[in-house]
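Chain and residue survey
Chain residues, written in single-letter form:
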Amino acid sequence: MPPPPDATAVKVNEVFWHSFEHSDEVLAKLSSSRDGLTNEEVARRFEQYGKNALTPPKKPSFFVKLWLQMNNVMIWILLSSCIIVAALQQWIEMALILAVVVINISIGLLQEGKAEKAADAIKAMLSASANVVRGGKRLTVPAEELVPGDIVIVKSGDRIPADMRVIEVTNLQVLEAMLTGESVPISKNLKAVQEASGLGDRKCMLFSATTVSAGQGMGVVVATGDEAEIGKINRLVSETKVAKTNLVKQMEILGRLLVVVVLTIAVSAFLLAFLHADEPAEEAFKSAVAIAVAMIPNGLPALVTIVLSFGTMRMADEAAIIKSLPVVETLGSLTVICSDKTGTLTKNEMTLVALRTSRAQIDVTGVGYAPNGLFKSHPEGKELEDDEMDAVRNMLMGTMLCNDSALDYDGKQTYTPVGAPTEVALITGSLKAGLHFDNLKNEHPRVHSVPFESEHKFMATIHAPFAPGEGRMMFVKGAPDRVMSMCDRQVAGDTIEDLKSKKTEPLDKDMWIKAQEHLSSKGLRVLAVCRGELPDDEQVAGIDPKYLRQRKPELTMIALLAILDPPREEVIDAVKVAHTAGISVKMITGDHALTGLAIGKMLGIAGNNSVITGPEIDDMPDEELAAVRA
């Protein structure tokens, strides 16, 4: 049972929970236990910390929004012009000016409404319910009722309901792309990390709004609501201050200058007409007003507003939200673009880009989950012949059979990944080669499997004999170092005859290691696949990760598989346009440096091949950071 309620004298938002050596220390700090909190303690902490929900920003009323849209110098000049032309009974001009004002304000209000909806989208990322342990009993409660110290159980498909420190884990993998930019699932463990570690390196932590892609685990809640990492993002978005654009500043200067000049000349004209020309005061005043009206550029604010309105509508067509018309002008002053990587510069769809056999490298074209692409020789870029493609299909067979994910197709044009993105990338690559997922699995039924777990970094499946007189076939895929340790042979050659005849040669481990290092240096995620027949007397029921690691190396290495979250093709053209306009493009990502550099090279923004990490930026003086920004 947890300690008494008064033992929790801790500010949860001031503690580096990922740096605690043991999860029991975290439980003790939070005055909790694996049996969870009592109902009384939950009530007390709920009173202390409040709902596990994001604090909504204060939404101004319609009239406040209306005033904010009207309160800029262009609108005031237009309204002043409207009053003057009305006084002169120029009704057509007055109607035109009012129409410009109404259109301007209407567009601004519409765009501001879209911006509010985009900000509200953050709330939709939060989980609706959570499986908790309280008082030793497992319960399902609304996620907003979670408090620090709660014990939460998560499994594949769940959305993490709060920031948690992991206390139990079984093959737990979490997609954190929306928070860190890492496009592949992160394998979670219980190991503490240094206080200064970035979010992507805190593998002992679970973060609110991220999604469990595989496995299960248990964690203790350490932060809820606005104190969670997603809450900090929400707070930053809500607290963004509005700055005046250059156009607004220049128009304000012009407005003040016009007021001074017009008033000076109008007063001078009145005095000259009244004192020097001896005109009646009324006539002198009319002359001064006429001069003042002639000097005011009535068409300038209207023209500027119309141009900005067209710019705003063009941006809306490109799915960009502009809350205020003058903001459009800042695009003309743009010098640096800072962009997220995953899902913005890249497709956020893992793709098989290359195979490395014992003889050569084969490149795979096409990006995303749609199985459209070709297999080409490297570096010649020549499309493979039919017999060469037969060999490729034979090599990729194991990646489909040793696979627990799927790729759903809606019958039109949408392919939806189900499971781990890296496995789905292998399925897509195999479909490109001409393999049929369902047919292959039906022809070679699975009789046993060893699921992937982060502790051993590989997956193995055992299938019924492929042909009469053959033994059961085992495929293993995973981290190259783990797979190679199970092999003593490699496929000798790349032809279909070599593969079908199962011609092998001694494993050239140094060659495979160098090939892996070469692919990894390009920021590619590298997997390996191998195969081997099992003797009739080997009992599959006893095959587990420990058994495979201790088993005599007797498998045959087939190939290395290189996977990447590729850049969007349209982004490459956009970057070229930006560079032509003198705009520098910077990529900001939570991904690893090599991966970021590889994508940067593909996009043409790698510059001098320099990558700066978060801790390095934190330590930079402002002058040095300004030089980097330029």
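About the thresholds
Residues numbered from 1 in each chain as written. Predicted model: local features only at pLDDT ≥ 70, side-chain atom pairs only at ≥ 80, totals over all residues. Heavy atoms only, no water. Helix = DSSP H or I, 4+ residues; strand = E, 2+ residues; numbered from the N terminus. Buried < 20%, exposed > 50% of the residue type's maximum accessible area, 1.4 Å probe, protein only. Contact = heavy atoms within 4.5 Å. Areas by Shrake-Rupley, 256 points an atom, 1.4 Å probe, with all protein chains shown as cover. Polar contact = N/O pair within 3.5 Å; in protein donor to acceptor, adjacent residues only side chain to side chain. Phe/Tyr/Trp six-rings, centres within 6.5 Å; stacked < 30°, edge-to-face > 60°. Core = buried A, V, L, I, M, F, W, Y, C linked by side-chain atoms within 4.5 Å. Axes fitted to C-alpha atoms, helices over the stretch in contact; angles between N-to-C directions. Parallel < 35°, antiparallel > 145°, perpendicular 65-115°, else oblique. Left-handed = near helix turned anticlockwise from the far one by under 90°. Nonpolar A, V, L, I, M, F, W, Y, C, P; charged D, E, K, R; others polar. Salt bridge = Lys/Arg side-chain N within 4 Å of Asp/Glu carboxyl O. pLDDT = per-residue confidence, 0-100. Arc of directions from axis to C-beta.

**Focus: the overall build of the protein**
Helix and strand content of the protein: 22 helices and 21 strands. Looking at the protein residue by residue over its 630 residues, the buried ones come to 44%. For the protein, the proportion of contacts with a sequence separation of at least 24, taken over those separated by at least 6, is 68%. In the structure as shown, the protein presents an accessible area of about 32,100 Å², 57% of it carried by carbon and sulfur atoms.

**With respect to the side chain of Gln361**
The residue Gln361 is located in strand β10 (residues 361-364) in this model. Looking at Gln361, its side chain comes within polar contact range of the side chain of Asp363, at 3.0 Å. With residues up to four places along the chain from it excluded, the contact list for Gln361 reads Ala354, Leu355, Arg356, Lys376, Ser377, His378, His518 and Leu519.

**Here we look at the environment of Ser485**
Considering the arrangement of structural elements, one finds Ser485 in the loop between α15 (480-484) and β17 (487-491). Looking at Ser485, the relative accessible area reads 42%, which means it is partly exposed. The spacing of Ser485 and Lys509 is 24 residues in sequence and 9.3 Å in space, taken between C-alpha atoms. In this structure the side chain of Ser485 is engaged in a polar contact, spanning 2.6 Å, whose partner is the backbone oxygen of Arg482.

**Comments concerning the packing of aromatic side chains**
Under the defined criterion, the tally for this structure stands at four aromatic pairs. Their ring planes at 15° and their centres at 4.3 Å tell us that Tyr409 and Tyr415 sit as a pair that is stacked. Take Tyr409: its relative accessible area is 43%, and that puts it in the partly exposed class. With relative accessibility at 23%, the residue Tyr415 sits in the partly exposed group. Consider the rings of Phe466 and Phe475, whose centres lie 6.2 Å apart with planes at 40°: the pair is tilted. Classification of Phe466 by relative accessible area gives partly exposed; the value is 26%.

**Quick notes on the nonpolar core**
Judged by nonpolar contacts, the single largest core of 39 residues is most densely connected at Val476, Leu548, Met557 and Leu560. Broken down by element, this core gets its largest block of residues, five residues, from strand β20 (residues 555-564). Every residue in contact with Met557, bar those within four places of it in the chain, is listed here: Val483, Met484, Cys487, Arg489, Gln490, Val491, Leu507, Trp512, Ala528, Val529 and Cys530. If you look at the next biggest cluster of nonpolar residues, it comprises 36 residues, including Leu407, Ile427, Ala433 and Met459.

**Considerations on the packing of helix α12 (residues 386-401) against helix α13 (residues 421-433)**
Running from amino to carboxyl end, α12 crosses α13 at an angle of 150°, the nearest separation of the two axes being 9 Å. Classified by the angle their axes make, α12 and α13 are roughly antiparallel. The two elements α12 and α13 meet at a crossing, and its hand is left-handed. Mapping the contact onto sequence places Met389, Val392, Arg393, Leu396, Thr399 and Met400 in α12 and Leu426, Ile427, Gly429, Ser430, Leu431 and Ala433 in α13. Looking at side-chain class alone, the contact of α12 with α13 contains eight nonpolar, three polar and one charged residues.

**As for the pattern of salt bridges**
Taken as a whole and judged by the stated rule, the model has 16 salt bridges. Beyond isolated ion pairs, a larger network of salt bridges with shared partners links Asp24, Arg34 and Glu168.

**Some thoughts on the confidence of the model for the protein**
On average, residues of the protein score 82 in pLDDT, and 87% of them are at 70 or above. Segment residues 1-12 is flagged for pLDDT under 50; beyond a separation of four residues in sequence, or across chains, it makes 27 contacts in the model.

**Regarding unusual backbone geometry**
In terms of backbone geometry, most residues other than glycine have negative phi values and most peptide bonds are trans. Backbone torsion omega between His378 and Pro379 reads 5°, so that peptide bond is classified as cis. If you trace the backbone, Pro379 turns up in the loop between β11 (375-377) and α12. Residue Ser31 is not a glycine yet carries a positive backbone phi of 55°. Here Ser31 is to be found in the loop between α1 (23-29) and α2 (39-49). Positive phi, normally seen in glycine, also occurs at Ala209, with a value near 80°. On the secondary structure map, Ala209 appears in the loop between β6 (205-206) and β7 (211-223).

**Here's the deal with α2**
Looking only at α2, the buried set comprises Glu41, Val42 and Arg45. The arc that holds the buried residues of α2, viewed along the axis, is 100°, so those residues lie on one side. Exposed residues on α2 whose side chains face more than 90 degrees from its buried face are Asn39, Glu40 and Glu47. The secondary structure elements touched by the buried residues of α2 are β1 (129-134).

**Notes on the environment of Lys232**
Along the chain, Lys232 falls in helix α7 (residues 229-238). With relative accessibility at 32%, the residue Lys232 sits in the partly exposed group. Along the backbone, Lys232 and Leu54 are 178 residues apart, and their C-alpha atoms lie at a distance of 9.2 Å. Those residues in contact with Lys232 that lie beyond four places of it in its chain are Asp226 and Glu227.

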